[in-house]
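The lines below spell out each chain.
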Amino acid sequence: MKQEQTLFLVEIAVFSALAYLLDLFSGFLFSRIWSQGGSVSIAMVPVFLMAFRWGIKGGAITGLLLGLLQFILGFSQIFHPVQGIIDYLIAFTVLGFAGLFAKQVQANIKNEDKKKWIGWIIAGTFVGSALRFIAHFFSGWVFFGVWAPEGQPAWLYSLIYNGTYMLPSMILSAIMIILVISSAPSRMVRSNQ
């Protein structure tokens, strides 16, 4: 039991740091496209991998640490404390809800049913990404609506702005997760499962 707890904590630390580095890299690449924050990124991949391996708890803690790293290390766009909490702590923590499908992913990996585990990966990636999008959408609507073009409602501005990077990020993350798991599916299944 203690060995599994240690493994859990080590994996959270490593995957949180990896997610931060991936996000930092994408931020440098895309910083001029989305001026109020956001970028097409595969930073969600390590968070989703933890969610599919350890469930909601593993994914949520990894996502929370990713958000905290962004918040603390200054790689963030914070204009109001509540906006910072929504855009960094809540938005990345809810990625962990992809772990709702962890048992299905792992069971189908064990059964070597690739089509089913891929389907569950896509479903989990969609759920986590959709929840993150909702957090960013709400924050954008309330805190960033002032940048909406004249005559455009703030909610529509937020929908378009956040959708332009969240949809590609979700698709790219799902593809990357499928490729990573396909290379070593047995690594996703914990030994005690």
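Check the entry above for the structure.
Draft legend 1. A look at the pattern of salt bridges. Counted by the stated rule, this structure contains 2 salt bridges. Close ionic contact of D113 with K116 constitutes a salt bridge, the shortest N to O distance being 4.0 Å.

Draft legend 2. Inspection of the side chain of R132 at higher detail. With respect to the helices and strands, R132 occurs in helix α6 (residues 114-143). Among buried charged residues, R132 stands out as having no salt bridge; its nearest opposite-charge side chain is D23, 5.6 Å away. The residues touching R132, leaving out its near neighbours within four places in the chain, are M44, A91, F92, V94, L95, Y165 and M166.

Draft legend 3. Quick look at helix α2 (residues 44-54). For α2, a buried count of 11 out of 11 residues is recorded, marking the element as mostly surrounded by other parts of the structure. Residues of α2 that are buried: M44, V45, P46, V47, F48, L49, M50, A51, F52, R53 and W54. Positive backbone phi, at 90°, marks G55, one or two positions downstream of α2.

Draft legend 4. Fine view of the environment of V127. Note that V127 resides in helix α6. In this view, V127 contacts F97, L100 and F101; residues no more than four positions away in its chain are not counted.

Draft legend 5. Representation of the packing of aromatic side chains in the model. Per the counting criterion, the structure on display carries 11 aromatic pairs. With centroids separated by 5.7 Å and ring planes inclined at 40°, the aromatic side chains of F137 and W141 adopt a geometry described as tilted. Of this pair, F137 and W141 both sit in helix α6, 4 residues apart, which is roughly one turn of the helix. According to the relative accessible area criterion, W141 is partly exposed, its value standing at 40%.

The rules we used
Residues numbered from 1 in each chain as written. Predicted model: local features only at pLDDT ≥ 70, side-chain atom pairs only at ≥ 80, totals over all residues. Heavy atoms only, no water. Salt bridge = Lys/Arg side-chain N within 4 Å of Asp/Glu carboxyl O. Helix = DSSP H or I, 4+ residues; strand = E, 2+ residues; numbered from the N terminus. Buried < 20%, exposed > 50% of the residue type's maximum accessible area, 1.4 Å probe, protein only. Lys, Arg positive; Asp, Glu negative; His and termini not counted. Contact = heavy atoms within 4.5 Å. Phe/Tyr/Trp six-rings, centres within 6.5 Å; stacked < 30°, edge-to-face > 60°.

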